[in-house]
Amino acid sequence: MALRFYNTLTLQLQPFVPQSDNTVRMYTCGPTVYDYAHIGNFRSFVFYDLLRRWLRESGYKLDHVMNITDVDDKIIRNAVAQGKSLAEYSSIYTQAFFEDAKLLRLEIPEHVARATEHIDEMADAIATLGDKGYTYSSDGSVYYRISHFPEYGKLSHNDFSGMKAGARVDVDEYEKADARDFVLWKAPKTNEPFWETKVGPGRPGWHIECSVMAIRYLGETLDLHAGGIDLVFPHHENEIAQSEALTGKQFARFWMHAEFLLVEGQKMSKSLGNFYTLRDILGRGYPPETVRYLLASVPYRKSLNFTFKELKSAETAIDRVRNYKLRLETGKFPQGVNEQLAARSEQAVKDFREAMDDDLNTAKALAAVFEYITDTNTAMDSDEFRMGNVAAASGLLQLFDRVFEVLEVTRSADSLSDEQVAALIAERTQARKAKDFKRSDAIRDELTAKGIILEDTKDGIRWKRK
Ligand SMILES: [Zn+2]
């Protein structure tokens, strides 16, 4: 079966191929940089990352745009309160976002587009929508007239036909899931920063930002647009209304949405005390790759219950694969090939690929890897696993890690390099030969203190990071 994704637009699982050539043109909604991103946000970002990696693994090139929303109500409010310029304030959290993304090993999209660098293009688009009769102005703000776009509601599958024309809100902190005309351009309030443009002084609404930057970098019809499930309405519905009114063409062929994240079974909120940024989690001593693994391990269309117990399980799961990799690399296996195990390896790769092709079923893909590890570990214990089976086993681990990327240990700045560890182990071996046990014990203690664990096995000394 070929690669297929669940499309929110059609409510169906559909085979995915890009519309032209071999490049996937995709847009994902990025962070609003008013504060540190929380783990609910990172569920979406890890989903985008898995999507990228699996599209590439499927043979496609990527042209991916992600926006940085660096102007909105919260940013303005906080910047003004702290006496900072918009740029000063938002750059702190933009940088923090990229630091967090790096720790979670998220690939950076081909284009990262900042809203404040595209203000004139947004004003142009709003003026064009005005020429086509889709807008009206009120008190210096410009609104989108939803009644002029009969297809409104086709993504969220809501029926807006009974909607009262002209009803609206002029905030872009959407708390109400209510059918209303939405703001394209906001007139400045006293003491707020604003831009002088062809549609007057003010700043853009959030929705127009994504439409304009998507079309600017990717063309009028995207292959794929993704986001969190909370963005389906109104944000993505509004993106469609703006973009399709502008171009007269379908805006995105596939819409994909990641489900909610719960924490300890409840909706994350500051008042419940279960609100976590990535930094909060790492501050408790969990390595970033365990967070990445946990967020990746639940298929994106299932709601994910983030618990510290699950985070511990993620740590154990990663350890299991790392230990297996170490055994593969250092074990001494009998010569030859076990044909049955060779077939078993091929089957594991096939199962992994089929699971990922099936709308990124990460849980099933991981199960394929762990069942294989169990089977081949047993075969190693009974000497049935041969030297000639090592390459295929390594190949499966490489495929796994190109997608999940958790095998490398995140190291602190003062940790030893692989070379330094190897040199110390060699020195310890020499010391033991020379019966200098004081020195050899000192080296072992030094390595332990730096998080390096030595294991004496029948095949010699091997080491790993804690
Ligand atoms: Zn967006």
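Residues numbered from 1 in each chain as written. Predicted model: local features only at pLDDT ≥ 70, side-chain atom pairs only at ≥ 80, totals over all residues. Heavy atoms only, no water.

Below, the discussion takes up the overall build of the protein. Counting its secondary structure elements, the protein contains 14 helices and 17 strands. Within the protein, counting contacts between residues at least 6 apart in sequence, those at least 24 apart form 76% of the total. Between the mean site of the 61 positive side-chain charges and the mean site of the 70 negative ones, the protein shows a separation of 4 Å. (Helix = DSSP H or I, 4+ residues; strand = E, 2+ residues; numbered from the N terminus. Contact = heavy atoms within 4.5 Å. Lys, Arg positive; Asp, Glu negative; His and termini not counted. Charge placed at Lys NZ, Arg CZ, Asp CG, Glu CD.)

Our focus in this paragraph is the coordination of the zinc ion. Taken together, Cys29 (SG), Cys210 (SG), His235 (NE2) and Glu239 (OE) make up the protein donors of the zinc ion, found 2.1 to 2.7 Å from the metal. When the donor residues of the zinc ion are listed from N- to C-terminus, their spacing reads C-x180-C-x24-H-x3-E. In this pair, Cys29 is assigned in the loop between strand S3 (23–28) and helix H1 (39–57) and His235 in helix H6 (residues 232–247), connecting sequence segments 206 residues apart. (Donors = N, O, S within 2.8 Å, 3.2 Å for Na, K, Ca; no water.)

Glancing now at the packing of H1 against helix H8 (residues 288–297). For any two helices packed against each other, one specifies the crossing angle of their axes together with the interaxial distance. Put simply, H1 and H8 touch, their axes get as near as 9 Å, and they point 75° apart. In terms of orientation, H1 and H8 fall into the roughly perpendicular class. Packed against H1, whose contacting residues are Ile39, Phe42, Arg43, Val46, Asp49, Leu50 and Arg53, the element H8 presents Arg292, Leu295 and Ala296 at the interface. For the contact of H1 with H8, the per-class residue count stands at 6 nonpolar, no polar and 4 charged. (Axes fitted to C-alpha atoms, helices over the stretch in contact; angles between N-to-C directions. Parallel < 35°, antiparallel > 145°, perpendicular 65-115°, else oblique. Nonpolar A, V, L, I, M, F, W, Y, C, P; charged D, E, K, R; others polar.)

Take the environment of Pro31 next. Position of Pro31 among the secondary structure elements: in the loop between S3 and H1. If near-sequence neighbours (up to four positions away) are discounted, Pro31 is found in contact with Phe45, Met66, Asn67, Ile68, Thr69 and Phe97.

Pairing in this open sheet of 3 strands is mixed, and the strands run S14-S13-S15 from one edge to the other. Where the open sheet ends on each side, the last strands, each with one partner, are strand S14 (266–267) and strand S15 (304–306). Contacts between H1 and the sheet are confined to strand S13 (261–263) and S15, with S13 contributing the most and set at about 145° to the helix. (Pairing = 2+ DSSP bridges.)

Quick look at the side chain of Thr376 now. Relative to the helices and strands, Thr376 resides in helix H11 (residues 362–381). The class of Thr376 is buried, set by a relative accessible area of 0%. Within polar-contact distance, the side chain of Thr376 engages the side chain of Tyr324 at 2.7 Å. (Buried < 20%, exposed > 50% of the residue type's maximum accessible area, 1.4 Å probe, protein only. Polar contact = N/O pair within 3.5 Å; in protein donor to acceptor, adjacent residues only side chain to side chain.)

Within the structure shown, the criterion is met by 2 cavities of 30 Å³ or more. Estimates place the volume of the largest cavity at around 100 Å³. Around the largest cavity sit 13 residues that line it, and Phe45, Met66, Leu106, Glu107 and Pro109 are the ones nearest its centre. At the level of secondary structure, the elements contributing two or more residues to the lining of the largest cavity comprise H1, strand S4 (61–68) and helix H3 (86–103). Within the lining of the largest cavity, the residues separate by chemical class into 9 nonpolar, 1 polar and 3 charged. Volume-wise, the second largest cavity comes out at about 70 Å³. (1 Å grid on protein atoms, 1.4 Å probe; cavity = no way out; pocket = protein on both sides within 12 Å on 5 of 7 lines; lining within 4 Å. Points joined across faces, edges and corners; volume = space filled by probe spheres on them.)

With that out of the way, let us pick up the confidence of the model for the protein. Looking at the protein, pLDDT values average 93 and 96% of them are 70 or higher. Under a pLDDT of 50 for its full length, residues 173–178 has, in the predicted model, 12 contacts with residues more than four places off or in other chains. (pLDDT = per-residue confidence, 0-100.)

With that settled, consider the packing of aromatic side chains. Under the defined criterion, the tally for this structure stands at 23 aromatic pairs. With 5.0 Å between their ring centres and 10° between their planes, Tyr144 and Phe182 make a pair best called stacked. Remark: Phe182 occurs in strand S8 (residues 182–186) and Tyr144 occurs in strand S7 (residues 141–144); sequence separation between them is 38 residues. With a relative accessible area of 0%, Tyr144 lands in the buried category. In this structure Phe182 comes out as buried when scored by relative accessible area, which is 2%. (Phe/Tyr/Trp six-rings, centres within 6.5 Å; stacked < 30°, edge-to-face > 60°.)

Here we come to the packing of helix H9 (residues 308–330) against helix H12 (residues 390–404). Packing of H9 against H12 brings their axes to within 10 Å, and their N-to-C directions diverge by 150°. In terms of their interaxial angle, H9 and H12 are classed as roughly antiparallel. Regarding H9 and H12, the two cross each other, and that crossing is left-handed. Each of Val321, Tyr324, Lys325 and Leu328 in H9 lies in contact with H12, whose residues at this interface are Val390, Ala393, Ser394, Leu397 and Phe400. Each residue belonging to the contact of H9 with H12 can be placed in one class, and the counts come to 7 nonpolar, 1 polar and 1 charged. (Left-handed = near helix turned anticlockwise from the far one by under 90°.)

What follows deals with the pattern of salt bridges. Opposite charge on two side chains allows them to pair when their charged atoms are near. Going through the model one piece at a time under the given rule, you end up with 34 salt bridges. Notably, a salt bridge pairs Arg56 with Glu107, separated by 2.7 Å at the nearest N-O pair. On the criterion of sequence distance, the pair formed by Arg56 in helix H1 and Glu107 in the loop between H3 and strand S5 (111–114) is long-range, its members being 51 residues apart. Of the residues examined, Arg56 reaches a relative accessible area of 38% and is grouped as partly exposed. Among the residues examined, Glu107 registers a relative accessible area of 22% and is labelled partly exposed. Among the salt bridges present, the one from Lys154 reaches Glu244, with a minimum N-O distance of 2.7 Å. Here Lys154, found in the loop between S7 and S8, pairs with Glu244, found in helix H6; they are 90 residues apart in sequence, far enough to count as distant. For Lys154, a relative accessible area of 24% corresponds to the partly exposed category. One network of salt bridges, with partners in common, ties together Asp49, Arg52, Arg53, Arg56, Glu107, Glu110, Arg292 and Glu405. (Salt bridge = Lys/Arg side-chain N within 4 Å of Asp/Glu carboxyl O.)

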